[in-house]
Amino acid sequence: QVQLVESGGGLVQPGGSLRLSCDASGRIFRINGMGWYRQAPGNERELVAGISTSGRTNYADSVKGRFTISRDNAKNTVYLQMSGLKPEDTAVYYCNAEIVPYSAYFNAINYWGKGTQVTVSS
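Quick notes on the rules
- Residues numbered from 1 in each chain as written.
- Predicted model: local features only at pLDDT ≥ 70, side-chain atom pairs only at ≥ 80, totals over all residues.
- Heavy atoms only, no water.
- Helix = DSSP H or I, 4+ residues; strand = E, 2+ residues; numbered from the N terminus.
- Rg over C-alpha atoms; globule rule 2.2 N^0.38 Å.
- Buried < 20%, exposed > 50% of the residue type's maximum accessible area, 1.4 Å probe, protein only.
- Contact = heavy atoms within 4.5 Å.
- Areas by Shrake-Rupley, 256 points an atom, 1.4 Å probe, with all protein chains shown as cover.
- Lys, Arg positive; Asp, Glu negative; His and termini not counted.
- Charge placed at Lys NZ, Arg CZ, Asp CG, Glu CD.
- Pairing = 2+ DSSP bridges.
- Axes fitted to C-alpha atoms, helices over the stretch in contact; angles between N-to-C directions.
- Core = buried A, V, L, I, M, F, W, Y, C linked by side-chain atoms within 4.5 Å.

A. The overall build of the protein chain, seen in detail. Broken down by element type, the protein chain carries zero helices and eleven strands. Its helices and strands taken in sequence order, the protein chain reads β-β-β-β-β-β-β-β-β-β-β from the N to the C terminus. Taken over C-alpha atoms, the radius of gyration comes to 14 Å for the protein chain, in line with the 14 Å a tight globule of 122 residues would show. Along the longest, intermediate and shortest principal axes, the C-alpha atoms of the protein chain span 50 × 25 × 25 Å. Here the protein chain holds 122 residues, and 41% of them are scored as buried. Contacts in the protein chain between residues at least 24 apart in sequence constitute 55% of all its contacts with a sequence separation of at least 6. As displayed, the protein chain offers around 6800 Å² of accessible surface, 46% of which is attributable to carbon and sulfur atoms. Taking the 12 positively charged and 9 negatively charged side chains of the protein chain as two groups, their mean positions are separated by 6 Å.

B. Region of interest: the sheet that holds strand S7 (residues 67–72). The strand order across the open sheet built from four strands is S1-S3-S8-S7, with neighbouring strands paired in antiparallel fashion. Two strands bound the open sheet, and with one partner strand each, they are strand S1 (3–7) and S7. For this sheet, the mean inter-axis angle between neighbouring strands, taken without regard to orientation, is 15°.

C. Inspection of the nonpolar core at higher detail. Counting 31 residues, the largest nonpolar core has Trp-36, Leu-80, Met-82, Tyr-93 and Ile-99 as its most contacted members. Of all the secondary-structure elements, those providing two or more residues to this core are strand S3 (18–25), strand S4 (28–39), strand S5 (46–51), S7, strand S8 (77–82), strand S9 (91–101) and strand S11 (116–120). Of the residues forming this core, the biggest block, five residues, is contributed by S9. In contact with Ile-99, other than residues within four places in its own chain, are Val-2, Leu-4, Ala-24, Ile-28, Arg-30, Ile-31, Asn-107, Ala-108, Ile-109 and Tyr-111.

D. Quick peek at unusual backbone geometry. Positioned with a positive phi, Tyr-105 is a non-glycine residue whose angle comes to about 55°. Structurally, Tyr-105 is set in the loop between S9 and strand S10 (109–112). In this structure, Phe-106 takes a positive phi of about 75° despite not being glycine. Within the secondary structure, Phe-106 sits in the loop between S9 and S10.

Structure (structure tokens):
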């Protein structure tokens, strides 16, 4: 069973920094794209940042210049470095990845983590 597990969330003051990690585990043949989404109460889940296997990245306009997504393919891990945090960044952050398990015969499956809470408040 392939799983994604997020870590690194917590409470931080405005202007502070936080790094989120997402570890993929299981019998994984290949991980394609990976990304971070977030959802605040009353809002829809939105894409924060994405990264391809080759390292190409894309960001939501609201986080450009403040957040950086990266991945370590050897560890099956994706990171989100968040700096200059604002109260409006408060949300549950979810890890997402397109993964080909060994059991899937080259069919990619979209996986989600359970989420980690990020709260930006003074």
